[in-house]
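# Chain and residue survey
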Amino acid sequence: MTDYRYLIVGGGMVADAAARGIREIDADGSIGIISEDVDRPYARPALSKKLWTDPDFSWDEKVDLHTEETGAAFVLGTAVTAIDRAGKSVTTSDGGTFGYEQLLIATGGHPRGLPGLSPSDRVLDYRSAADYRALRGFVDAGAHVVVVGGGYIGTEIAAGIVQSGARVTLVDPDEVVGGTMFPAGLAASLQQRFVDHGVDLRLGRRVSEGTQTDDGVTLALDDGSELRADAVVVGLGIEPATGLAADAGLTVRDGIVVSSTLVTDDPAVFAAGDVAEYPDRILGTRRVEHVDNAQQQGRQAGRNLADADETYDHTPMYYSNLFDVGYEAVGQVSTDLRTVEDWQEPEITGVVYYLDDDDTVRGVLLWNVPGKTDEARKVLAEAHALTPDMLPGRIAP
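As the structure is a prediction and not an experimental result, all values here were calculated from the model. (Residues numbered from 1 in each chain as written. Predicted model: local features only at pLDDT ≥ 70, side-chain atom pairs only at ≥ 80, totals over all residues. Heavy atoms only, no water.)

### A closer look at the nonpolar core
Quick reminder of the rule: To define a nonpolar core, start from buried Ala, Val, Leu, Ile, Met, Phe, Trp, Tyr and Cys residues and group those joined through side-chain atoms within 4.5 Å. A 1.4 Å probe rolled over the protein chains alone gives each residue an accessible area, and that area as a share of the maximum for its type sets the label: buried under 20%, exposed over 50%, partly exposed in between. Segments assigned H or I by DSSP are reported as helices when at least four residues long, segments assigned E as strands when at least two residues long, and all are numbered from the N terminus.
Counting 49 residues, the largest nonpolar core has Leu-7, Ile-31, Ile-83, Val-90, Leu-103, Leu-104 and Ile-105 as the members making the most contacts within it. No other element matches helix H1 (residues 13-25), which puts six residues into this core. Listed in part, the 48 residues of the second largest apolar core include Trp-52, Phe-182, Leu-203 and Trp-343.

What follows is the structure, given as structure tokens:
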């Protein structure tokens, strides 16, 4: 059995941030990272953003996080199958056993799939660098790619690859691109950008089933139509990978339940990133699947693995870039909430506030308004003292 002072299960951005957080406190303690991925930790957002739109964006300089700088040891292409809390060890799919003093679960999530289709070289869940490399081959050949799902990842992939020369069809159950996130006028404006760039939109449609051969993929839609493609990207979100924690007897709800210091029921076991359900100091109990949370929460988890015992008090933001649009958001951005729109130039530059039934701000969208996320957090922190008429002008573009 190989023993580590600190053992991290999962090899994404949380793992990198945690290893660096550990080193801020403990310069010498051994760190092990066990990952199902075949690559060392890398900047995942680049897979759907800059790698498609910036030809000078270097993998080695910009994407590879160079986690080896922390001195961590890597076990790649290997899944952890069980955690023995009493024995303070984990077992892997290849029969290995690794001991730990402190354990971090950073297993992320499992992508939701399509009926009848298993992941393959042509059907991509798009969670890994290997998926990027496969898709890059199709895009560089000018292939027809169908993107299923018009949410955060789906819209980024469709926008990125159509600008890189692919023929793109976007299938989404929403009637308007971004219709579940953005006010009607803003969603319509965003949708027009996809149309203008040549994306074939199949809206209000779902995939009923799919088949794949060596030559391509065929999707049957719920209106009876069919789509034939060289490759399919599935962007339907994830289910948090909580099975390991649940099997080990740790409390799981929407994610692995952790305290404000990111510790589970077991004082030697922490969780962070997509998989962790934690108490946000402003917004209450939540689970966040975005990069800002992965980096900040991962760092704090690493520090706390090394006995810092500090509260995670960061309310994370997320961001996206679609054609000529850049947006940032904090909190809940959903048309299930009512909105107050404050535009400097309608649908071009402005702020959208999302309010619950009590007129309390639960989310802030900054549309082409960069660098104002701290101001958005302040609005959320003061939300109970703000009335809707006090919101316009509160965050200046």
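The rest of the description comes next.
### A word on the packing of aromatic side chains
What counts, and what does not: To pair, rings of Phe, Tyr and Trp, with the six-membered ring standing in for Trp, must have centres within 6.5 Å; the planes then decide the type, stacked if under 30 degrees apart, edge-to-face if over 60, and tilted in the middle.
Evaluated as defined, the whole model comprises ten aromatic pairs. With a centroid separation of 5.2 Å and an interplanar angle of 75°, the aromatic rings of Phe-182 and Trp-367 are classed as edge-to-face. Of this pair, Phe-182 sits in the loop between strand S10 (167-172) and helix H6 (184-196) while Trp-367 sits in strand S25 (residues 361-367), and the two are 185 residues apart along the sequence. By the burial criterion, Phe-182 is buried, and Trp-367 matches it.

### Some thoughts on the sheet that holds strand S11 (residues 200-203)
This is how the line gets drawn: By definition, two strands form a pair when at least two bridges between them are found by DSSP.
A sheet is described by the order of its strands in space; here five strands give the open sequence S8-S15-S9-S10-S11, paired in parallel fashion. Both outer strands of the open sheet, strand S8 (123-124) and S11, are each paired with one neighbouring strand and no more.

### A few points about the environment of Leu-51
Using the following cut-off: Contacts: residue pairs with any heavy atoms within 4.5 Å of one another.
With respect to the element layout, Leu-51 can be found in helix H2 (residues 50-53). Taking the relative accessible area as the measure of exposure, Leu-51 reaches 9% and is therefore buried. Residues Leu-51 and Ala-166 lie 115 residues apart in sequence; the distance between their C-alpha atoms is 14 Å. For Leu-51, the residues in contact, after removing those within four places along its chain, are Ala-46, Phe-57, Trp-59, Val-63, Tyr-132 and Arg-136.

### Overview of the pattern of salt bridges
To keep things clear, this is the line we draw: Criterion for a salt bridge: a side-chain nitrogen of Lys or Arg within 4 Å of a carboxyl oxygen of Asp or Glu.
Tallied over the entire structure, the rule returns 30 salt bridges. Here Asp-200 makes a salt bridge to Arg-202, at a shortest N to O gap of 3.3 Å. The partly exposed category is assigned to Asp-200, whose relative accessible area is 32%. One connected set of salt bridges, linked through shared partners, spans Glu-24, Arg-299, Arg-303 and Glu-310.

### Describing helix H9 (residues 373-381)
Operational definition: What the arc covers is the set of directions going from the helix axis to the C-beta atoms.
Those residues of H9 that fall on the buried side of the exposure criterion are Thr-373, Ala-376, Arg-377, Val-379 and Leu-380. In an axial view of H9, the angular spread of the buried residues amounts to 155°, which keeps them on one side of the axis. What points out from H9, more than 90 degrees from its buried face, is the exposed set Asp-374 and Lys-378.

### What to know about the pairing of strand S6 (residues 97-105)
Here S6 lies mainly inside the structure; seven of its nine residues are buried. Judged from the seven bridges that link them, strand S1 (residues 2-9) and S6 form a sheet pairing that is parallel. Following the sheet pairing, Thr-2 is matched in S6 by Phe-98. Judged from the three bridges that link them, strand S5 (residues 89-92) and S6 form a sheet pairing that is antiparallel. Within S6, the position partnered with Ser-89 by the bridge is Gly-99. In this structure, the hairpin formed by S5 and S6 is closed by a connection of four residues, where Gly-95 is found at a positive phi of approximately 90°. With three bridges connecting them, S6 and strand S18 (residues 269-271) associate as parallel partners. Residue pairing in the sheet places Leu-103 in a bridge with Val-269 of S18.

### Side note on the side chain of Glu-277
For clarity, the threshold we go by: For this analysis, a polar contact is any N or O atom pair within 3.5 Å, provided that within protein one partner can donate a hydrogen and the other can accept it, and provided that sequence-adjacent residues contribute only side-chain to side-chain pairs.
Structurally, Glu-277 is set in strand S19 (residues 276-280). Look at Glu-277 and you get buried, because its relative accessible area is 6%. Polar contacts involving the side chain of Glu-277 include one to the side chain of Arg-253, which spans 2.7 Å. Apart from residues no more than four positions distant in its own chain, Glu-277 is found in contact with Arg-253, Asp-254, Gly-255, Ile-256, Val-257, Val-258, Thr-285, Arg-286 and Arg-287.

### A short note on helix H4 (residues 129-140)
Selection criterion: Helices are assigned an expected span. That span is 1.5 Å times one less than the residue count.
The end-to-end C-alpha distance of H4 is 16 Å, a good match for the 16 Å that twelve residues give at a rise of 1.5 Å each. Burial in H4 covers these residues: Ala-129, Asp-131, Tyr-132, Leu-135, Arg-136, Phe-138 and Val-139. Viewed end-on, H4 has its buried residues packed into an arc of 165°, placing them on one side of the element. Buried residues belonging to H4 abut H2, helix H3 (59-63), S8, strand S9 (144-148), helix H5 (152-162) and strand S15 (231-234). Just downstream of H4 lies Gly-142, where phi reads positive at about 70°.

### Some remarks on the pairing of strand S22 (residues 325-331)
The element S22 is extensively covered by neighbouring structure, given that six of its seven residues are classed as buried. In terms of strand pairing, strand S21 (residues 317-322) meets S22 through six bridges, oriented antiparallel. Residue pairing across strands places Asn-321 opposite Gly-326, the latter belonging to S22. With antiparallel pairing between neighbouring strands as the criterion, S21 and S22 make up a hairpin whose turn holds two residues, including Phe-323 at a positive phi of roughly 55°. Two elements, S22 and S25, share five bridges in a ladder whose sense is antiparallel.

The analysis is restricted to geometry; functional conclusions fall outside its scope.
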